Amino acid sequence: MTLIKSISGIRGTIGGQVGDNLTPIDAVKFASAYGVWLKENRKKENYKVVVGRDARISGKMMQNLVMNTLIGLGIDVVDLGLSTTPTVEVAVTLEHADGGIILTASHNPKQWNALKLLNEKGEFLDAIEGEKILNIAESDTMNFAEVDDLGKITKNKAYIDLHIIEVLDLDLVNVNDIEAAKFKVVVDGVNSTGGIAIPLLLERLGVEVVKLYCEPNGEFPHNPEPLKEHLTDLSEEVKKHNADFGIVVDPDVDRLAFMDENGNMFGEEYTLVACADYVLSKTPGNTVSNMSSTRALRDVTEKYGGTYEASAVGEVNVVDLMKKNKVVIGGEGNGGIIYPDSHYGRDALVGVALFLSLLAERQMSVSALRATYPDYFMSKKKIQLTPGLDVDGILKEIETRYQNEQLTTIDGVKIDFAESWAHLRKSNTEPIIRIYTEAKSQNEADTLADKFIEEIGAIAKL
């Protein structure tokens, strides 16, 4: 199972059989479905879609397939080329476009790619609209443009710079204090477009940049998910260069993690906690993250008199609850910062600027900043799915076994214990069951996760 069709887009491994993997035919099919949906949804004379990609090896091929499919439907395309997911989101609104497509498989390894689909607000589609596109793709009733009505492709390579200008113009980004602090930072761009965008942003803020894996050639030097076990090279470079801290992003630059001056992880979960701490100190209000995110955000929010609420996993679910609760900042514990004063999308550039503003204001080291937050430890594990496995039945059995605990079932099963929690859910983007746990020590979190892995294994064999 390497082709995953979901409301958030179409994702799969390159090559192989049509319908089983992400082949050129699948790319054309789903780009066509998106274009047909767009025209049915917008009902206008002319249509425009912004398209960009991360640096993965298959990106240029996939982007060309998608763009030429759209012009075949009579839709004009703004080609950003190498870009970031948040940059494409920002470009959709600046271009007054009808939608956007990003060619990226986010944190997945290089053999993966995906079509991420945006609406006219530069935001991911909700479940209803996503389902419509999946239905169109299976219908084979698409009607393409005649020769005089074909769309046009216009290249625009300025949007990373325009995105940076938007970030620097945010009221809470304190450019002067950041420049005065004279930070030195190591950036791991995982040889994708973060290697372009993050150093450019830092240089505009007067930060001395040490580049590590910032060549956007798509040859990921390590597993591109920004977790501690993948970042030994960044740790060594931070210590070697006596840097103030390290930054790592995923290939499409919507996830952000920091490393302190000693080469230790700040904690991907604490990226949002720190940025929220800064924003709430200036503009008190409410926050939202997803159910798999740390309790530390709740603690920081309540310190400033706000209310915290958790959504189902998935950016579109987080954004929906953020809008309902009129929050000042939110996001996902995987290092995804969503700051409504900028736009409703996870944005590592915004996160970097807010984090630097906080550090410059507090005038403390990254390790000292981390020590100011409550200590929670998380374990993130997964179980590979095998064909025919009844995941829903397994989760229902877990729910029954723990019915006397505090349960939340809007997205898999989350079990809240007094000093810890466990969240078990089927991934939207990979053929796996995710098992996230959090406790007061790493050992407790790991032990709790292993306990549920064993329990699921036993249930699956019944």
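A brief structural summary. (Residues numbered from 1 in each chain as written. Predicted model: local features only at pLDDT ≥ 70, side-chain atom pairs only at ≥ 80, totals over all residues. Heavy atoms only, no water.)

## Quick notes on the overall build of the protein chain
Part 1: Along the protein chain, the regular secondary structure elements total 15 helices and 20 strands.
Part 2: At 22 Å, the protein chain has a C-alpha radius of gyration in line with the 23 Å of a compact globule built from 462 residues.
Part 3: Its C-alpha atoms put the protein chain at 65 × 60 × 40 Å along the principal axes.
Part 4: Burial status across the protein chain gives 58% buried among its 462 residues.
Part 5: Put simply, 67% of the contacts in the protein chain that link residues at least 6 apart link residues at least 24 apart.
Part 6: Side chains of the protein chain carry 48 positive and 70 negative charges; the gap between the two charge centres is 1 Å. (Helix = DSSP H or I, 4+ residues; strand = E, 2+ residues; numbered from the N terminus. Rg over C-alpha atoms; globule rule 2.2 N^0.38 Å. Buried < 20%, exposed > 50% of the residue type's maximum accessible area, 1.4 Å probe, protein only. Contact = heavy atoms within 4.5 Å. Lys, Arg positive; Asp, Glu negative; His and termini not counted. Charge placed at Lys NZ, Arg CZ, Asp CG, Glu CD.)

## Focus: the sheet that holds strand β10 (residues 245-249)
Part 1: If you walk across this open sheet you meet the four strands as β9-β8-β10-β11, and the pairing is mixed. A single partner strand is all that each edge strand has here, and the edge strands are β9 (208-212) and β11 (256-259). Ignoring which end each strand starts from, the neighbouring axes of this sheet average 25° apart.
Part 2: Helix α7 (residues 194-204) contacts β8 (184-188), β9 and β10 of the sheet and is inclined by roughly 170° relative to β9.
Part 3: Sitting on the sheet, helix α12 (residues 348-362) is in contact with β10 and β11, with an inclination near 35° to β11. (Pairing = 2+ DSSP bridges. Axes fitted to C-alpha atoms, helices over the stretch in contact; angles between N-to-C directions.)

## Focus: unusual backbone geometry
Part 1: For V190, which is not a glycine, the phi torsion comes out positive at approximately 45°.
Part 2: Mapping V190 onto the fold places it in the loop between β8 and α7.
Part 3: With phi around 55°, Y213 is a residue other than glycine that occupies positive phi space.
Part 4: On the secondary structure map, Y213 appears in the loop between β9 and α8 (232-240).
Part 5: The class for Y213 is partly exposed, based on a relative accessible area of 25%.

## Examining the packing of aromatic side chains
Part 1: According to the stated counting rule, one finds 10 aromatic pairs in the structure shown.
Part 2: Arranged with centres 5.3 Å apart and planes meeting at 45°, the rings of Y402 and F452 form a pair that is tilted. Of this pair, Y402 sits in the loop between α14 (391-401) and β17 (406-408) while F452 sits in helix α15 (residues 442-460), placing them 50 residues apart in sequence.
Part 3: Y402 sits in the buried class, given a relative accessible area of 12%.
Part 4: Connected via pairs of aromatic rings, a cluster forms that spans F183, F245, F258, F266 and F355.
Part 5: Across from the ring centre of Y270, 3.6 Å away, lies the NZ or CZ of R370, which sits over that ring.
Part 6: Against the face of W421 rests K414, its NZ or CZ located 4.2 Å from the ring centre. (Phe/Tyr/Trp six-rings, centres within 6.5 Å; stacked < 30°, edge-to-face > 60°. Lys NZ or Arg CZ within 6 Å of the ring centre and 35° of its normal.)

## Digging into the packing of helix α9 (residues 268-282) against α12
Part 1: Where α9 contacts α12, the two axes come as close as 9 Å, and the packing angle between them is 65°. The orientation of α9 relative to α12 falls into the category roughly perpendicular. α9 and α12 meet at a crossing whose hand is left-handed. Two secondary-structure elements touch here, α9 through A274, C275, D277, Y278, V279 and K282 and α12 through G351, L354, F355, S357, L358, E361 and R362. (Parallel < 35°, antiparallel > 145°, perpendicular 65-115°, else oblique. Left-handed = near helix turned anticlockwise from the far one by under 90°.)

## Re the side chain of T13
Part 1: With respect to the secondary-structure elements, T13 resides in strand β2 (residues 9-13).
Part 2: Here T13 falls in the buried class, since its relative accessible area comes to 10%.
Part 3: A polar contact is formed between the side chain of T13 and the side chain of N21, at a distance of 3.0 Å.
Part 4: Apart from residues no more than four positions distant in its own chain, T13 is found in contact with T2, N21, L22, Q111 and W112. (Polar contact = N/O pair within 3.5 Å; in protein donor to acceptor, adjacent residues only side chain to side chain.)

## Focus on the side chain of T23
Part 1: As for its position among the elements, T23 is in the loop between β2 and α1 (24-42).
Part 2: A distance of 2.7 Å separates the side chain of T23 from the side chain of D26, its partner in a polar contact.
Part 3: Here T23 is in contact with G15, G16, Q17 and V18, once residues within four sequence places are set aside.

## A few points about the nonpolar core
Part 1: If you look at the biggest cluster of nonpolar residues, it comprises 58 residues, and the most contacted ones within it are L202, F245, I247, I329, L354 and F355.
Part 2: Ranked by residue count, the leading element in this core is α12, at 11 residues.
Part 3: Counting residues in hydrophobic clusters, the runner-up holds 32 residues, among them I10, Y34, V66 and L73. (Core = buried A, V, L, I, M, F, W, Y, C linked by side-chain atoms within 4.5 Å.)

## Re the sheet that holds strand β3 (residues 48-53)
Part 1: The seven strands lie next to each other as β1-β2-β6-β5-β3-β4-β7, forming an open sheet whose pairing is mixed. Edge strands, defined here as strands with exactly one partner in the open sheet, are β1 (3-6) and β7 (153-155). Direction aside, the axes of adjacent strands within the sheet are offset by 15° on average.
Part 2: Docked against the sheet, helix α2 (residues 59-72) engages β3, β4 (76-82), β5 (99-103), β6 (112-118) and β7, running at close to 175° with respect to β3.

## Some remarks on the pattern of salt bridges
Part 1: What the rule picks out here adds up to 34 salt bridges.
Part 2: When the shortest N-O distance is used, the salt bridge between R42 and E120 registers 4.0 Å. Residue R42 is located in helix α1, and its partner E120 is located in the loop between β6 and α4 (127-139); the two are separated by 78 residues in the primary sequence.
Part 3: The partner of D375 in a salt bridge is R370, with the nearest N and O atoms 3.2 Å apart.
Part 4: Classification of R370 as buried rests on a relative accessible area of 15%.
Part 5: What emerges from the salt-bridge pattern is a single network uniting K116, D252, D254, E315, E332 and R346. (Salt bridge = Lys/Arg side-chain N within 4 Å of Asp/Glu carboxyl O.)

## Here we look at α8
Part 1: Among all positions of α8, only L234, S235, E237 and V238 are buried. In an axial view of α8, the angular spread of the buried residues amounts to 165°, which keeps them on one side of the axis.
Part 2: Packing partners of the buried residues in α8 comprise β8, β9, β10 and β11.
Part 3: Taken from the residues just after α8, N242 is the one with a positive phi, measuring 50°. (Arc of directions from axis to C-beta.)

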